[in-house]
Amino acid sequence: MDTLTVDLGSRAYKIYIGSGLLDNPKGLPFDLCLSAKNMLISNPTVFNLYGERVLSFLRHLDIHCDTILIPDGELYKDLTWIEHILTAMLRCGLDRKSMLFALGGGVIGDITGFAASIYMRGIPFVQIPTTLLAQVDSSVGGKTGVNHSLGKNMIGTFHQPCAVIIDTDTLLSLPEREYRCGIAEVIKYGIISDARFFNYLENKRQDISERKPACLREIIRTSCSIKAQVVALDEKEVGLRAILNYGHTIGHAIETETDYSVYKHGEAVAIGMALEAQLARRIGVLPEDEAVRISALIEAYGLPASLPGGMDVERLLNHMRLDKKTESGKITVITPLSVGEVKITKAVALEDIRAVLKNNK
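Now for a quick tour of the structure. (Residues numbered from 1 in each chain as written. Predicted model: local features only at pLDDT ≥ 70, side-chain atom pairs only at ≥ 80, totals over all residues. Heavy atoms only, no water.)

## Examining the overall build of the protein chain
Along its length, the protein chain carries 13 helices and 11 strands. For 361 residues, the compact-globule estimate of 2.2 N^0.38 gives 21 Å, and the C-alpha radius of gyration of the protein chain, at 20 Å, lies within 12% of that figure. Within the protein chain, the fraction of its 361 residues that count as buried is 58%. Look at the contacts in the protein chain between residues 6 or more apart in sequence, and 76% of them connect residues 24 or more apart. Only carbon and sulfur atoms are counted for the fraction: they give 50% of the accessible area of the protein chain, which is about 14,400 Å². Positive and negative charge centroids in the protein chain, built from 40 and 43 side chains respectively, lie 2 Å apart. (Helix = DSSP H or I, 4+ residues; strand = E, 2+ residues; numbered from the N terminus. Rg over C-alpha atoms; globule rule 2.2 N^0.38 Å. Buried < 20%, exposed > 50% of the residue type's maximum accessible area, 1.4 Å probe, protein only. Contact = heavy atoms within 4.5 Å. Areas by Shrake-Rupley, 256 points an atom, 1.4 Å probe, with all protein chains shown as cover. Lys, Arg positive; Asp, Glu negative; His and termini not counted. Charge placed at Lys NZ, Arg CZ, Asp CG, Glu CD.)

Laid out in structure tokens, this is it:
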């Protein structure tokens, strides 16, 4: 088992990465659970695969958990389901020392963390991510929240988990499309911070695509390590942490415009990364061959790298104006300078963004 630390002083926590962790809780921090009443939150698909195994070892540790299942999908990450979860927590009698366990992908982790952050002004929770995207990104860093019809993740809080438990075996049952979505976030880390890692993703594409265990451990460990370092330096995203949003300015706009029902998050981010690289090339900060290299790796993993025909560019721009990084109506974009280095570019000219969007359908 690999163990990483998200160093936040008194609120520091561990990320545990290994095979078979859901079957063997030895060495995991379930002594944090201090209440007789706790809750596991999942969706039917994941719970049918792993729910009883998790509940079983929690029972062996004398941890009682009620269960609440919410429908699977980004469409259900909203305030309606938050109220549903909070009602269930109240009816089950959860108290201030109760703990939530988030078993599932990014939607489950985000909505569970948000519910934990606002219930009785904040209770602890543990992330048990079962998708690659959640394991390398959304489970680490304490961003919680839900979507609004006008924008993705516009309602939320910063609320760090007590621990993140990553069982790499869960990836063996993950559908191919979901696995590729996680690869999009993995590619992001190579672009924003680690050229060596980007090279690894190029050279080991076949083994990574085949989910070879050693490769899974490597891409998860490296991705989590990069994110943990960034979060430790800038927990509340007042500066540096914004680089983790590379590809997300355009990606979130695509998700919002398509009502979270056409593209999965990783697919939208993949398009966003390719187009934001093209934007960086257009404004003269990224060499053309590097932009081509970024798009080529995205496409090599079976991810989209361009907008589909018929996407309304002006509506996308309007969504981008509501992005959380926007300041005084001016759009901020994370732009790569090379593979392994990015910068936060503020007040990007609308004509440049518009040109890139129009030329990449």
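That covers the picture; the talk isn't over yet.
## Quick word on the pattern of salt bridges
All chains considered together, the criterion is met by 29 salt bridges. The partner of E314 in a salt bridge is R354, and the shortest N-O contact between them spans 2.7 Å. On the criterion of sequence distance, the pair formed by E314 in helix α12 (residues 313-321) and R354 in helix α13 (residues 350-358) is long-range, its members being 40 residues apart. For R354, a relative accessible area of 23% translates into the label partly exposed. Among the charged side chains, a network of salt bridges with common partners joins D2, D194, R196, R217, E218 and R221. (Salt bridge = Lys/Arg side-chain N within 4 Å of Asp/Glu carboxyl O.)

## Remarks on the packing of aromatic side chains
Applying the stated rule across the entire model yields 2 aromatic pairs. Centre to centre, the rings of Y76 and W81 are 6.4 Å apart; their planes meet at 85°, and the pair counts as edge-to-face. When the centroid spacing of 6.3 Å and the interplanar angle of 15° are considered together, the rings of F197 and Y200 count as stacked. Of this pair, F197 and Y200 both sit in helix α6 (residues 195-203), separated by 3 residues, roughly a single helical turn. Residues F197 and Y200 agree in their burial class; the two are buried. The ring of Y189 has K188 lying over it, and the distance from NZ or CZ to the ring centre is 4.8 Å. The ring of Y179 is capped by R211, whose NZ or CZ atom sits 4.3 Å from the centre of that ring. (Phe/Tyr/Trp six-rings, centres within 6.5 Å; stacked < 30°, edge-to-face > 60°. Lys NZ or Arg CZ within 6 Å of the ring centre and 35° of its normal.)

## Re the environment of V126
Summarising the element assignment, V126 is placed in strand β6 (residues 125-129). Between the alpha carbons of V126 and C162 there is a distance of 5.5 Å; along the sequence they are 36 residues apart. Once residues lying within four places of it in the same chain are set aside, the contact partners of V126 are M99, L100, F101, A102, C162, A163 and I165.

## Side note on the sheet that holds strand β1 (residues 2-6)
One open sheet accounts for 7 strands, arranged β1-β2-β9-β6-β5-β3-β4; its pairing is mixed. Of all strands in the sheet, those with a lone pairing partner are β1 and β4 (65-69), marking the two edges. If you compare each strand with its neighbour and ignore which way they point, the axes differ by 20° on average. Sheet topology places strand β2 (residues 13-18) next to strand β9 (residues 163-167); 5 bridges connect them, and they run parallel. Its bridge partner lying in β9, G18 is registered against D167. (Pairing = 2+ DSSP bridges. Axes fitted to C-alpha atoms, helices over the stretch in contact; angles between N-to-C directions.)

## Here's the deal with a nonpolar patch on the surface
Together, L150, M154 and L322 give the surface a local cluster of nonpolar side chains, amounting to about 270 Å² of exposed area. Among the structural elements, L322 can be located in the loop between α12 and β10 (333-338). (Patch = residues over 30% accessible without salt bridge, like charges linked within 9 Å, V, L, I, M, F, W, Y side chains within 5 Å.)

## Quick word on the pairing of β9
Summarising burial for β9: 5 of the 5 residues are buried, a large majority. The two faces of β9 match: A163, I165 and D167 on one face and V164 and I166 on the other face are all buried. Sheet topology places β6 next to β9; 2 bridges connect them, and they run parallel. Across the sheet, V126 pairs through a bridge with A163, a residue of β9.

## With respect to the side chain of N245
Among the secondary structure elements, N245 is positioned in the loop between α8 (213-233) and α9 (248-257). Using a relative accessible area of 11% as the deciding quantity, one classes N245 as buried. At 3.1 Å, the side chain of N245 and the side chain of E237 are in polar contact. Apart from residues lying up to four places away in sequence, N245 is in contact with K143, E237, K325 and I334. (Polar contact = N/O pair within 3.5 Å; in protein donor to acceptor, adjacent residues only side chain to side chain.)

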